Amino acid sequence: MIKKASASGSGIIFAIVGVILFSAKAVMVKIAYTYSIDHLTLLLFRMGFAFPFYLLIAFWKKPLHPNEIRKKDYLWILFFGFIGYYLASLFDFMGLQYLKAGLERIILFIYPTMVVLLAWFFFKKRITKMQALAILITYIGVLITFWDEAVVNDASIVLGATLIFLSALTYASYLVGSGWLIPKFGVVQFTSFAMIVSTLCVMLHYLAVKGFHLDSYPTEVYLLGLAMAIFSTLVPSFLVSAAIGRLGASTFSVFGSLGPVSTIVLAYFFLDERISLLQIFGMIVVIGGVSLVSRKKAF
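Note that the structure is a prediction, hence the values are computed from the model and not measured.

**Focus on helix 10 (residues 187–210)**
In this model, helix 10 (24 residues) spans 34 Å end to end at C-alpha, consistent with the 34 Å of a helix rising 1.5 Å per residue. A positive phi of about 70 degrees marks Gly211, the residue just after helix 10.

**A closer look at the nonpolar core**
In this structure, Val29, Tyr33, Ile37, Leu42, Phe93, Tyr174 and Phe185 are the most contacted members of the largest nonpolar core, which totals 53 residues. Among the elements of the structure, helix 1 (2–33), helix 2 (39–60), helix 3 (71–95), helix 8 (155–178), helix 10 and helix 11 (219–247) are those that each provide at least two residues to this core. Sort the elements by how many residues they give to this core and helix 2 lands first, with 11 residues. Among residues more than four places away in sequence, those in contact with Ile37 are Ala32, Leu42, Phe45, Tyr217 and Val221. Of all hydrophobic cores here, the second largest spans 22 residues; its members include Leu99, Ile106, Ile264 and Met283.

**A look at the packing of aromatic side chains**
In this structure the tally under the stated criterion is 22 aromatic pairs. The interplanar angle of 75 degrees and the centroid separation of 6.3 Å between the aromatic rings of Tyr74 and Phe193 together place this pair among those described as edge-to-face. Taken together, the residues Tyr74 in helix 3 and Phe193 in helix 10 connect sequence positions 119 residues apart. For the pair Phe82 and Tyr86, a centre-to-centre distance of 5.2 Å together with 40 degrees between the ring planes defines the contact as tilted. One end of the pair is Phe82 and the other is Tyr86, both in helix 3 and 4 residues apart, which spans about a single turn. Of the residues examined, Phe82 reaches a relative accessible area of 35% and is grouped as partly exposed. Pairwise contacts between aromatic rings join Phe59, Tyr74, Tyr85, Tyr111, Tyr171, Tyr174, Phe185, Phe190 and Phe193 into one cluster.

Definitions and limits used
- Throughout, a residue's number is its position along its own chain's written sequence, starting from 1.
- A pLDDT threshold of at least 70 governs which residues receive local features in this predicted model, and a stricter bar of 80 or more applies before side-chain atom pairs are shown or counted, although totals over entire chains, interfaces and linings include all residues.
- Hydrogens and water molecules were not included; the side-chain quantities draw on all heavy atoms of the structure.
- Secondary structure elements are defined from DSSP: runs of H or I of at least 4 residues count as helices, runs of E of at least 2 residues count as strands, and each element is numbered from the N terminus.
- One less than the residue count of a helix, multiplied by 1.5 Å, gives the span that helix is expected to have.
- Definition of nonpolar core: a set of buried residues of the types Ala, Val, Leu, Ile, Met, Phe, Trp, Tyr and Cys, connected through side-chain atoms within 4.5 Å.
- Classification of residues uses two cut-offs on accessible area relative to the type maximum, computed with a 1.4 Å probe and protein chains only: under 20% is buried, over 50% is exposed, and between them is partly exposed.
- Between two residues, a contact is recorded if the distance between any of their heavy atoms is within 4.5 Å.
- Any pair of Phe, Tyr and Trp rings, taking the six-membered ring for Trp, is counted once the centres come within 6.5 Å. Such a pair is stacked with planes under 30 degrees apart, edge-to-face with planes over 60 apart, and tilted for the rest.

Quick look at the structure:
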């Protein structure tokens, strides 16, 4: 009983800290953009600094079921690493050039609704009436959140929101498609392999666009890249995995709602971003809708 309570207590701490650290990424990206760095170079710094750690973990950690792994499974890792972390991260960093950090997190937060819709479209998994209602509520909440921004009539906001939406969609596609591979490799090793693939994709993209030339930036930019790699990529990925292991996925999803809230709070203090009462109401609607979608119970 004591061990179980201890595991639950540590799981809650891991969940809260992990979600907050993940949420800080958008704020650090926005701060880095004030130094006139482009999205591709910044993404290269983030992935490049994390690369050695994931490389070490991938080949140090043994697969859960090595006898079940086939050669074609590694080809699938290449594919899912491309869409799940390279494309999703690229769209995210591009979108943050045009959108507030708080609004970015709200859009990314709707990815569970996309998981349900993609599973229905590709695998014919039934959507319950409650899930359908929750999805509708979620997207109404997104519209409410962006109502004030739409009044400004700024095309860059639409572009930014579209790019972040594509980021959420590609990440949801990764989750839906890779579910059958994770039990073979284990969460930690599979994530490490996917991150290695995505980092190589970013490096190739950078070489194709800018060649071997790397511009010089202030020390703060490199420190932000390192901080993103360690504190908003590497550490929270393992904290979240540990939290799910101790609490279960359904319980952890409750703490996931801290993501948009913590990003908005951090953006308020570090970026001086302001959010209206209407946007706060929209955020609450989105969190409510996503929470309903994420519930395991069938209605």
